[in-house]
Amino acid sequence: MKLTLTSLVVGCALCLSISSLAQSAKITSNPATGYGQHLYAQSCAVCHDAHSTTPKAGPGMKNYYSTHHPPPTDTTVRAIIAKGKGTMPGFSNLNQKQMNDLIAYLKTL
Ligand code: HEC
């Protein structure tokens, strides 16, 4: 019984470390969009649905880049995010990296 319990504990620890390894590998394989997605969920998702074009307070962001012809430039999107637009508040608190990651994420939608 003691042996079984021990191997169970060891087995569990092993499987936990494997899954956390797998998870960190996933995050490092695409760090920009991963962090961008986190920022989006935190700051933008209340007003912009990431999974459809259905408007909330602001337009849904699904296919935002592919449906605009020509697609918006990074400079334009950066300016909208930093200064806001209409009733959208500006996010001037975001640093350069946060802004880049957010834009990288928007492009994946
Ligand atoms: C309080 C609600 C709100 C929040 C939070 C918000 N937005 Fe907006 N956003 C809007 C509204 C409303 C518009 C439409 C403004 C207009 O066209 O007058 C808009 C427009 C936009 C546009 C331009 C869409 C177009 O038609 O070209 C982009 C890009 C955008 N938001 C990105 C973001 C990002 C990225 C974040 C998070 C950092 C964010 N927004 C947070 C409300 C919000």
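Worth saying up front: this structure is predicted, and the values here are computed from it rather than measured.

## Description of the site of the ligand
- Residues in close proximity to the ligand total 18 residues, the closest being Cys44, Cys47, Gly58, Gly86 and Met88.
- Broken down by element, the residue count for the shell around the ligand peaks at 3 residues, all from helix α4 (residues 74-83).
- Considered class by class, the residues forming the shell around the ligand number 12 nonpolar, 5 polar and 1 charged.

## So, helix α5 (residues 96-106)
- Considered for burial, the residues of α5 that qualify are Asp101, Leu102, Tyr105 and Leu106. The buried residues of α5 occupy an angular sector of 140° when the element is viewed end-on, so they sit on one face. Exposed and oriented more than 90 degrees from the buried face of α5 are Gln96 and Lys97.
- In this structure, the buried residues of α5 make contact with α2 (31-43), α3 (64-67) and α4.

## Let's talk about unusual backbone geometry
- Residue proline 70 is reached from histidine 69 by a cis peptide bond, and omega for that bond is -5°.
- When you line up the elements, proline 70 lands in the loop between α3 and α4.
- Phi angles above zero are rare outside glycine, and asparagine 63 is one such case at about 60°.
- Along the chain, the position of asparagine 63 falls in the loop between α2 and α3.

## Notes on the confidence of the model for the chain
- The share of residues in the chain with pLDDT of 70 or more is 73%, and the mean pLDDT across the chain is 83.
- Looking across the chain, the model is least confident in helix α1 (residues 2-29), with a mean pLDDT of 49, and most confident in α4, with 97.
- Contacts from residues 18-22, a stretch scored under 50 in pLDDT, to residues over four places away or in other chains number 0 contacts.

Parameters at a glance
Residue indices follow the written sequence of each chain, beginning from 1 at its first position. pLDDT decides what is reported in this predicted model: residues at 70 or higher carry local features, side-chain atom pairs at 80 or more are listed and counted, and totals for whole chains, interfaces and linings draw on all residues regardless. We call a residue near a molecule or strand when its C-beta atom, built from the backbone, sits within 6 Å of it. Helix and strand definitions here come from DSSP, where helices need a minimum of 4 consecutive H or I residues and strands a minimum of 2 consecutive E residues; each element is numbered from the N-terminal end. Each residue gets one label: Ala, Val, Leu, Ile, Met, Phe, Trp, Tyr, Cys and Pro are nonpolar, Asp, Glu, Lys and Arg are charged, and the others, such as Gly, are polar. With C-beta atoms placed from the backbone, a residue counts as buried when 20 or more other C-beta atoms lie within 10 Å of its own, as exposed when 12 or fewer do, and as partly exposed for counts between those limits. Comment: arc refers to directions from the helix axis out to C-beta atoms. Remark: residues whose backbone-derived C-beta atoms lie within 7 Å of one another are considered to be in contact. Confidence of the predictor in every single residue is expressed as pLDDT, which spans 0 to 100.

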